[in-house]
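Take a look at the letters that make up each chain.
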Amino acid sequence: MNLLIVSSEAVPFVKTGGLGDVAGTLALELSRKGHQVTLILPYHREIKENFDNLKVVISPLSVPMGNTTMQCQVLELISPDNLRVLFIEYNDFFDRHPIYDDGDNEYPDNGTRFAFFSKACLDAILQLQIKPDIIHCNDWQTSLIPFFLKCWAWEQDFFRDTASLMSIHNLGYQGMVDIGLAPFIGLKEKQVRQDEFEALGGLNLLKGALFYADQVATVSPTYAREILSEPGGWGLSPYLQRRQNDIIGILNGIDLEEWNPATDPYLPQTYNRENLEGKRACKLKLQEYFKFPISMETPIFGIVGRMADQKGLDLLQGCLEEILGWELRLVILGSGDPKLEKFFQDLPKKYPTKVGTYVGFQSNLAHLIEAGSDFFIMPSLYEPCGLNQMYSMLYGTVPVVRATGGLNDTVQNFDPISHEGTGFVFQDYRAEALKDSIGWALDTWYNQPKAYKKLQKEGMGRDFSWDKAINEYEGAYKKAITRKRSW
Ligand code: ADP
């Protein structure tokens, strides 16, 4: 198939979270499978700094938006796996770091930036005569594309057979923008109604895609069910229910080239399922990094992720005093909500031998925490898929998670009788439930070392490759194409 993947971020170019991992890896895997794949990204400052000297393939590209026409450039890079990557260069919008906010607040023109990006992608491929069977859109930033395809591009014969698949990586972010943006996007009055884009007196860009996309995908089977009712639907459950038959939950794979303890260049010593000796060296280095007194016996619980309400850090706050009374250590890497950042940054001052915090985004430390910890905590309020729990299992670091979304689909709860399982799973969104699970994990560590080792090995043996997901995406693409052609 001829596939176009459009995203606001993708590895190895720019990443702020799971979306970046998934968009980049999926594009590569589909290309390796023999599809003709083009990935399009905005030319963000971070990409500019690391990937210059790209080939200019269109200059200028005129993009009509409302009453104006904007001029940008399109750059190209062909990756060794024959993946074609296009970048939309428009410095007023994308020569920024970070890519979505100034560290505290979202950029006020995010709606304008990504509406322009979405339209520019279609103008670019039209000019380059790339005629995809499918445009795979990712999250609200690219969610206007299904609308453009069915309305604006409908006039152009070129896109007549191009179908769209809208992937929802996180329904907590929907692209709520001011209604005044409607003329810039090209929305007619009939499209600014409750059925399509209108929500709470503004425009909800993701909601519009639920009306126009040929297929909708989300990133785990459990999350695909959770979003059909509230609170998981974040207000959109009625519109998702309407598309119930077109929604598919496909569990993300992970990039096994980046996340493999046997080859990971960030680790002081590599290791594998048969020989975990190198993991000790990683634990040692992690303790040195956070200036803990060295103890191989005391378990380390790691956390890596965005500091956002979604991640359930309030549960940890709610039981912290108690669990820090136990014989364990906690290492935290993350950034996001300034209040949470400050809370966790202050903790090591109170517990210097027990808690280590690094506020910021640091891939090498993320790898070291995955490898050097004994347990990994993800008490998420909701988790569409989650990648860190999969990384941790492959690194022999036993996850402690809440049974939501992809966490529910990937972590198998420890069975105290058979000792089957890959982690510790709790149900209720309560600090007490997290505390009990950490207590159970700790008890297993100290009193049932064989059961702990079995958990480790079981997790390290799980298959988190992209193979299954790729087959499922191919099926979803075919369904979308059939739907579009009968539209
Ligand atoms: P989400 O997409 O909700 O942020 P995921 O678990 O799906 O959560 O993916 C998060 C990705 O971002 C993982 O690859 C994780 O290692 C990475 N990540 C998140 N925060 C940081 C950080 N502060 N430093 C390094 N990597 C991080």
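In the annotation of an unreviewed UniProt entry, the protein chain is listed under the name Glycogen synthase and assigned to SAR324 cluster bacterium. Here is the UniProt Catalytic activity (unreviewed entry) comment for the protein chain, exactly as written: "[(1->4)-alpha-D-glucosyl](n) + ADP-alpha-D-glucose = [(1->4)-alpha-D-glucosyl](n+1) + ADP + H(+)".

S.K.: Any details on the UniProt feature "domain: Glycosyl transferase family" (unreviewed entry) in the protein chain? Residues and values, ideally.
M.R.: UniProt feature "domain: Glycosyl transferase family" (unreviewed entry): in the numbering of this structure it lies at residues 290–454. Secondary structure content for residues 290–454 is 42% helix and 20% strand, and the end C-alpha separation is 28 Å.

S.K.: Give a detailed account of the site of the ligand, specifying residues and quantitative values.
M.R.: In the neighbourhood of the ligand, 20 residues make up the surrounding shell, with Gly18, Asp21, Arg306, Lys311 and Gly360 lying closest. Within the side chain of aspartate 21, a nitrogen or oxygen atom sits 2.8 Å from an oxygen atom of the ligand. Measuring from an oxygen atom of the ligand, one finds a side-chain N or O atom of asparagine 388 at 3.2 Å. Protein coverage of the free-state accessible area of the ligand, which is 560 Å², stands at 94%.

S.K.: Explain the domain arrangement of the protein chain to me, and be specific about the residues and the numbers.
M.R.: Examined at the domain level, the protein chain breaks down into domain 1 (2–253 + 467–485) and domain 2 (277–460). Taken together, the 20 residues of domain 1 in the interface contact 16 residues of domain 2. Buried area between domain 1 and domain 2, summed over both chains or domains, comes out near 1,300 Å², and the portion from carbon and sulfur atoms is 56%. Summed over the shared surface of domain 1 and domain 2, the number is 0 salt bridges. If you look at where domain 1 meets domain 2, you find 10 residue pairs in polar contact (both at pLDDT 80 or more).

S.K.: How would you sum up the nonpolar core? Please name residues and give values.
M.R.: Formed by 134 residues in total, the largest nonpolar core has its most connected members in Phe87, Ile88, Phe116 and Ile185. In terms of residue count, helix H4 (residues 110–128) provides more of this core than any other element does, 10 residues in total. Of the domains in this structure, domain 1 (2–253 + 467–485) and domain 2 (277–460) are the two that each give at least three residues to this core. Those residues in contact with isoleucine 185 that sit more than four places away from it in its chain are Met65, Ala115, Leu144, Phe147, Phe148, Leu203 and Leu205.

S.K.: Provide a residue-level description of the pattern of salt bridges, including the pertinent values.
M.R.: Scanning the model with the defined rule gives 32 salt bridges in all. With its nearest N and O atoms 2.8 Å apart, the salt bridge here joins lysine 283 to aspartate 374. In this pair, lysine 283 is assigned in helix H10 (residues 277–289) and aspartate 374 in the loop between helix H13 (363–372) and strand E16 (375–378), connecting sequence segments 91 residues apart. By the burial criterion, lysine 283 is buried, and aspartate 374 matches it. A single salt-bridge network, built from bridges that share partners, covers Glu29, Arg32, Asp81 and Glu257.

S.K.: An account of the side chain of lysine 484 is needed here, citing residue identities and associated values.
M.R.: Mapped onto the fold, lysine 484 is located in helix H18 (residues 467–485). Within the buried set, lysine 484 has no salt-bridge partner at all; the shortest N-O distance to an opposite charge, 5.1 Å, is to aspartate 214. Polar contacts involving the side chain of lysine 484 include one to the main-chain carbonyl oxygen of threonine 162, which spans 2.7 Å.

Procedures and definitions
Residues numbered from 1 in each chain as written. Predicted model: local features only at pLDDT ≥ 70, side-chain atom pairs only at ≥ 80, totals over all residues. Heavy atoms only, no water. UniProt positions renumbered as here; feature names shortened; annotations may be inferred. Helix = DSSP H or I, 4+ residues; strand = E, 2+ residues; numbered from the N terminus. Near = heavy atom within 4 Å. Polar contact = N/O pair within 3.5 Å; in protein donor to acceptor, adjacent residues only side chain to side chain. Areas by Shrake-Rupley, 256 points an atom, 1.4 Å probe, with all protein chains shown as cover. Domains from an automatic or database assignment. Contact = heavy atoms within 4.5 Å. Buried area = accessible area lost by both parts, 1.4 Å probe. Salt bridge = Lys/Arg side-chain N within 4 Å of Asp/Glu carboxyl O. Core = buried A, V, L, I, M, F, W, Y, C linked by side-chain atoms within 4.5 Å. Buried < 20%, exposed > 50% of the residue type's maximum accessible area, 1.4 Å probe, protein only. Lys, Arg positive; Asp, Glu negative; His and termini not counted.

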